[in-house]
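Residue strings, one per chain:
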Amino acid sequence: MRASTETNRQLGTEIDASSPVTGGIGLPHPSGACHASSPHETSPESRNWQVRNTPDWSISPGQIVLTNSILAGISADYYLRLERGRDRNPSTQVLESIARVLRLDDDHIAYLMTLVADKPRRSRRRPRKETVPPGMVQLLASLAQPAYIEGRYFDILASNSLAAALSPRFTVGGNQLRDMFLDPAEQALYPDWKNSTQCLIANLRQSVGTDIDDPRFIELAGELSLASPRFRELWARHDVKGQYGSPMRFDHPQVGEMTLNRERLSIGEADDLKLVVFHPDPDTVHADKLALLASAALPASTTVHHRERSGT
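With that out of the way, let us pick up the nonpolar core. One finds Leu166, Leu177, Phe181, Tyr190, Leu204, Phe250 and Phe278 to be the most contacted residues of the largest nonpolar core, which totals 35 residues. The dominant element in this core, judged by the number of residues it contributes, is helix 11 (residues 193-208), at 5 residues. By size, the runner-up hydrophobic cluster in this structure holds 13 residues, among which are Val132, Leu140, Ala147 and Val277.

Next comes the structure, spelled out in structure tokens:
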């Protein structure tokens, strides 16, 4: 008991109570589902995690580390070394134990495993080349819904005209990270902007993994860290979440508020590229509003713009 008390005292003085407990190698924070919500709504997953993990400020951060380490079956010192990135070679069994204690979901567990995977690292990186397959360009032209193809870091690589009608930023050359965090007009398009940015960064962290020396990532992260307090706040949280099909609310300057289902689909022959399609529920006011928007863009409705991105 005496040894445990001493360890707890040391840990309690070493950890800043205002900092996330799960940092270091990226012991990630479970985040709620990414979906449209009212200003006062959180997902069931988020509410449950908040109930389980809301800090009891009568308990010191050192006690939290000590408790987690005991439940995971490892020493508090080793847990702290992992958390702070001082040991990057834990066994799969240790990581699975920590994931169980932290109640991580599948996205977080997969991300956690990639952080310590034994991958050869190159001393010098070449920019990734992102090329849209010709067949996908043809598919975009045939779609009657807003659609675009995005790269690993949310660059718009190809889009149809209805996507541009939904948002002028959904055009080739745009980047959704820059637009969502730095463009007031784009922010005004999303009534659930805060939730949308949270989901975007959680997905970015999943996409990046340990590949933080990618020139494109360095460029974007550096720019946004300097220009956006919201980006800095979210990136520091270590949230990890994949983006899947979910409804999104828009407040469009021409047709007003509407909710569209957002589908994000992998492209088999290009692993890092995603096809994003927006579609309304049938026979709803949202379908009527999208049809009105489409009629305004009708003269160029089949136009598709695309380009190859070769990095910085």
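Okay, the packing of aromatic side chains next. According to the stated counting rule, one finds 9 aromatic pairs in the structure shown. Plain terms: the ring middles of tyrosine 153 and phenylalanine 217 are 6.3 Å apart, the flat faces sit at 40° to each other, and that makes the pair tilted. Of this pair, tyrosine 153 sits in the loop between strand 2 (147-150) and strand 3 (156-160) while phenylalanine 217 is found in helix 12 (residues 215-227), placing the two residues 64 residues apart along the sequence. For tyrosine 153, a relative accessible area of 3% gives the class buried. Look at phenylalanine 217 and you get buried, because its relative accessible area is 7%. An angle of 15° between the planes, with centres 5.9 Å apart, marks the rings of phenylalanine 170 and phenylalanine 278 as stacked.

The next point concerns the environment of leucine 275. With respect to the helices, strands and loops of the structure, leucine 275 is situated in strand 7 (residues 270-279). On the accessibility criterion, leucine 275 (6% relative accessible area) is buried. In the structure, leucine 275 is positioned 124 residues away from glycine 151 in sequence and 9.3 Å away in space, judged by C-alpha atoms. Not counting the four nearest positions on each side in its chain, leucine 275 is found in contact with Met136, Leu139, Leu140, Ala147, Tyr148, Ile149, Glu263, Arg264, Leu265 and Ile267.

Calculation rules
- Residues numbered from 1 in each chain as written.
- Predicted model: local features only at pLDDT ≥ 70, side-chain atom pairs only at ≥ 80, totals over all residues.
- Heavy atoms only, no water.
- Core = buried A, V, L, I, M, F, W, Y, C linked by side-chain atoms within 4.5 Å.
- Buried < 20%, exposed > 50% of the residue type's maximum accessible area, 1.4 Å probe, protein only.
- Helix = DSSP H or I, 4+ residues; strand = E, 2+ residues; numbered from the N terminus.
- Phe/Tyr/Trp six-rings, centres within 6.5 Å; stacked < 30°, edge-to-face > 60°.
- Contact = heavy atoms within 4.5 Å.

So, to be careful, I would describe these as geometric facts and stop short of saying anything about function.
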